[in-house]
Each structure stands twice: as C-alpha cells, then as structure tokens.
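# Coordinate inspection notes
Single-letter residue listing:
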Amino acid sequence: MDGRGVEKMIKTQERGYIWLEQELRKYLGISTAGIAVFFLFLLPAGLPLSYYAALFAVAILANGIWCYLTYRRKYRDYLEISDCLEALETGSYRQKPEADALKTGIRSQMQEQMERVGRAAEVYKKQLEEEKENTKAMITDISHQLKTPVAALGLSLELLGDAQVTEAEKQEFLERGKREVEKLNHLMGTLVNLSRLEADMIRLEPRKAGLKATLVRAVNGIYLKAEEKKIEIEMKEFSDMEIVHDPRWTAEAISNVLDNSVKYSPGGSTISIRVEPMVSYIFIEVEDEGIGIEKSEYQNIFKRFYRGKRPEVEGQEGAGVGLYLVRKIFEEQGGNVCAVPAHRRGTVIRMMLPKKYSAEFAV
Amino acid sequence: MQPILETIDLVKYYGDGDSQIKAIDHTSITVSHGEFVAVVGRSGSGKSTLLHMLGGLDRPDSGQVIISGQDLFSLQDEQLAVFRRRKIGFIFQDFNLIPALNVWENIVLPIGLDGKRVNKDYVMDIIQSIGMEDRLKALPSTLSGGQKQRTAIARALASRPAIILADEPTGNLDSHTEMEVVAMLKSCVAKYGQTLVMITHDETIAQMADRTLIIEDGKVVG
C-alpha cells in the first residue's frame, strides 16, 4: 500500500467510532430523504419557487446540523465512558468529585454506576491486603501463645537435670513438665483448628441434618468434664428439625461454648440448652450459672486471643480462641453468635442458624 | 482507600451562655467502606443528633460531614436532597413506611423517586434474604413490628446507597425479634457490600458490630 493509503487508513482508525459515523450518515440520509419526500408532496401546493427552495434548504440544513450535534454529543459520552473503563482496567481509576452525579439523566446515572464499579475494585484490592495482614498477625499471635508453655517446659527439664535437686523436687518438676506438655497439646489442637479455618483449608459442608443429633454430639464432647464438676447439663425438650448446617463443626462450636460454661461455672450448678425457632433463624441458647460476663465485654469476648481480665479467667487455661472460632463457624453458615444478659447470674450465649441457607453467606 | 464517611470537628450547640447544651462537641469519626459501626450512648448523649447530621438532615454549627468525598453541607438544599436520596439509606426506630403502599411499593419507592429503572432481580434477592417474599402485597398495617422493620431494611438496601444509617432500629421490637433483625441486617449488609452505622443504647446489640464508638455528652470516647 502506498504512503497516502497508509496515512488514510491510520486517520480513519484514529477517529475511533467509525460505526457512530456510519450511523450518522444513515440518519442523515434517511432524514434528508424524508424531508425530500415531504417537500415533494408539498409541490402541488403551489408555493412560490424561491420561497419553496429556501424552505427546503433551511430544512435540510437544520436537520443536518441537528444530526451532527447529536452525533457529537454521543461521541463525547462514549469517549468518556471508554476512558473510565480503560482506567478501571489498568488500575489507574481515581474517584472524581460527585457534583455532576447530582443531575438526572442517563449520563449521570452511568457515571454513578462507574463510580460504584471503581469502588468495588478498590474494595477487592483492600480485602486482599487485609487478608495478608491478617495472616501475618495470626502467625505472630500463635508463636507468642506457644512461647510460654514451651519456656515453662524447658525450665522444668533444666531443673530436673540439676544435681542439687532432691528426689521429691525432681518428681514435682516431672509432674509440672507433664502438665505443660498437656497444655501444649491442647493449645496446638485449638490453634490448628483455628488456622485451618482461617486459611479456608476447612470447608464447612452444610447439609440438611437433624439439629438434635448435632446437639447431642456437642453435649457428649463435654459430658465427662461436666460430670467431674458435678455440673448438670439440661436440654429443654423441643421437636427435632432438619436444617441446613455442618453437623461436625456446629457440634464443635457448641461444644466450645459448653466448655466455657463448664470452666467458669461452680460445681453443682446447671447448664441449660434451649432451642427456639424464630422467624428467620433458629436460636440455640446455652445458659450457665457461672461468673457471667460484663456487658461492656460483650464486644471483646469474640475477638481472637482475647481473654477476660478477671482473676477467675486468668486462673483457667485457655488461649482465648474458643468464642472467636464459634462466631466464625456460625457466621460462615449465615448465622451469628452473641452474648445476652442472663436472668440472674451467669451467661447466656445465643447462637443463631438461618432457617434458609444461602450459599452466598459463606463470605 | 478513602473512607466512605468522615466527620471533621463537628459541633452542634443549642442555646447560649449558661444554658447552652453541647449536643455535639467537636466530634471527628471515620468509617471505612463495608464496616458495621455501632454508636452506643445513653439517652441525651447526642447520638441521634449525630446521626441526623451524618445523614444531612440537620446542619451543624461548624465542622464537616464528608460522604464519598462530598462535603454534605456545601450543597444547596435541593442538591442535598438528591444526594441523600441516592447515597444514604435510612432505617428509623418507627419504621416510617407509607401506609397507603404495600410492601413491594414501599421498598422500591426511593428508586422510583429517583427516576431509575427498578432491577427486579436484585430487589427480589434482597426480599428473599429478609424473608418477606410471601407478603409483598400486604399493607403495613397488617404487618408485625419485626416485619415492618424488615421491609424498612429492604427499602434501605434496594437503592444501594453508599451508607446506611440506622437510628435505634430495634427500639420498638421485643428482645428476641431484636436479635433476629440485627443479625439479618448485619448479614444483608455484608452480603451486598454496604456500610452501616447503627445508633443504639444497648450494648447487647452493639456487640454484633465490627467496631463500637461510645458517645457521651456529645463527644466520642473509645
């Protein structure tokens, strides 16, 4: 192709919206033809020729200008949208001031929608960053939690190796060491569960299953500990229902709650479990007669690694992971967990499962 | 990322001299996109006043409220009304449904007022999430408190505002329904990627939020 042909080709492509131009030509052609036909019918009216010709020319001109201006406006709009979309694609999108969006009309609505798309993209980016930070924080937290029992174990073993220590003392350090290993075991089990859940390695598999069976499973997991403290677990009678949930993990979660209740309840007390169907959720309540939780602490107890400051809590072992895990398990099934004040002393933990499971709830 | 809501040194005083009441006393808060923030305070702590200013329903004596980068009070009244209609969803304690319209009509009213096309699939999805799909033709007078509030929630969600402001949304409901409604509100807000600022006097409800701000005598503490 010769130089001029190439130049011409580049020029036409530069204009971009060739099909808009084609549309313009089409409209121009049709409307001009329409006007011509109209004036053809006007011929027999017998208007003076110059008047007629002038009218015809004006009509054609006005129509031409109108078509062109419409084309120009559309072209500019498309250009703006295209620029916006390209910015979104390349990640260079910046939020623009909203003043135009306060007007009405297609243009401002499109702008508003593009703002939303831009914001959605930023949100995804932020979520990914947050996830990365979350993982880093968890690794730090876990190593911190493990340090104490490992140090205690190390100390016990060191003291065992000391020649100046009596036989009786050696026995004691041995016992201490064993206890620390037990603590470590328990801690590791919880932490492994936690990290797997966070890393999405554990997929909750909700399916239609009987709620009673899940509750029984949960209670079985805590029965022995409760027996030791002579704590009675009472499950209020309810008609069994089939709801969509993951029986294994839901039982695990309820077990965690019961574990807390047993830990912080005095011997001889009662823990009651109630199931109440509401409009959109099934409420599962665990009420104990223990030390209770301050209302101001309700927000904190579900945080990861949070442990209450009270002496009774500090004296017990635990990593502060239990309730965090519980909330996560219920939230991933579209439900939730919260603490509500008990009638007298103690705590009520209310767990909610949705009656209608929706796959999108697994965030 | 730019916060979706920001207040800068907000001040609202009533009266003057000795009898001056500092309803909002130099308050600056930030809310990020997608957050669920609870504002807790007792009666008279200024929380309702704060919410009204956040929603552009009341002008402060000084300070700014910035939503999605727009300074609310630099707008003319009419522009502010349009902005509010598009960008802010409200849920009030007394539901505020239009008695003459049925559930569906109440929900899509704000969209219609804005001259927009109603995306039926999207709105039906919301209605199913809140569980009102079998009462679409019902009038508000035939609904229970919980149902009315669900309708109000759907209405706030349907127009996909930048931020939803809820003023004691469960104040008129019994304690069990309260919990249900808040759990539902929270999961819907998360599902549709909305931001929610909820005023409440009840810490039991506030625990569901991502973050709690405590307001006392017009100042945000903690």
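Residues numbered from 1 in each chain as written. Chains lettered and ligands numbered in written order. Predicted model: local features only at pLDDT ≥ 70, side-chain atom pairs only at ≥ 80, totals over all residues.

## Regarding the interface of chain B and chain A
Taken residue by residue, the interface counts 30 residues in chain B and 29 residues in chain A. When residues of the side of chain B that touches chain A are traced back to their parent elements, those giving at least two are α2 (77-87), α6 (175-191) and α7 (203-206) of chain B. Considering each element in turn, the side of chain B that touches chain A owes the most residues, nine residues, to α6 of chain B. Partitioned by chemical class, the residues of the side of chain B that touches chain A number nine nonpolar, 16 polar and five charged. (Contact = placed C-beta atoms within 7 Å. Helix = DSSP H or I, 4+ residues; strand = E, 2+ residues; numbered from the N terminus. Nonpolar A, V, L, I, M, F, W, Y, C, P; charged D, E, K, R; others polar.)

## Focus: the packing of helix α4 (residues 120-130) of chain B against helix α5 (residues 145-158) of chain B
A pair of packed helices can be characterised by two numbers: the angle between their axes and the separation between those axes. All names here are of chain B. Viewed as axis vectors pointing N to C, α4 and α5 meet at an angle of 150°, and their least axial separation amounts to 10 Å. Of the possible angle classes, the one that applies to α4 and α5 is roughly antiparallel. You can see that α4 and α5 cross each other, and the crossing is right-handed. Listed contacts from α5 to Val-123, Ile-126, Ile-127 and Ile-130 of α4 are Arg-150, Ile-153, Ala-154, Leu-157 and Ala-158. (Axes fitted to C-alpha atoms, helices over the stretch in contact; angles between N-to-C directions. Parallel < 35°, antiparallel > 145°, perpendicular 65-115°, else oblique. Left-handed = near helix turned anticlockwise from the far one by under 90°.)

## Considerations on the domain arrangement of chain A
Residue and element names in this part refer to chain A. For chain A, the assigned domains read domain 1 (3-94), domain 2 (138-198) and domain 3 (207-361). On the side of domain 3, six residues touch domain 2, which itself brings nine residues to the contact. Among the elements of the structure, α4 (106-160) and α5 (167-198) are those that each provide at least two residues to the side of domain 2 that touches domain 3. For the side of domain 2 that touches domain 3, the element with the highest residue contribution is α5, accounting for seven residues. For the side of domain 2 that touches domain 3, the residue count by class is four nonpolar, three polar and two charged. (Domains from an automatic or database assignment.)

## Focus on the UniProt feature "domain: ABC transporter" (unreviewed entry) in chain B
UniProt marks residues 5-221 of chain B with the feature "domain: ABC transporter" (unreviewed entry), using the numbering shown here. Across residues 5-221 of chain B, helical content stands at 35% and strand content at 25%; the span's end C-alpha atoms are separated by 18 Å. (UniProt positions renumbered as here; feature names shortened; annotations may be inferred.)

## Side note on the nonpolar core
With 101 residues, the main nonpolar core has Ile-254 of chain A together with Val-39, Ile-153, Ala-154, Ile-163 and Val-197 of chain B as its most contacted residues. For this core, the element with the highest residue contribution is α6 of chain B, accounting for eight residues. In contact with Val-39 of chain B, other than residues within four places in its own chain, are Lys-47, Leu-50, Val-197, Met-198, Ile-199, Leu-213 and Ile-215 of chain B. (Core = buried A, V, L, I, M, F, W, Y, C linked by C-beta atoms within 7 Å. Buried ≥ 20, exposed ≤ 12 C-beta atoms within 10 Å, placed from the backbone.)

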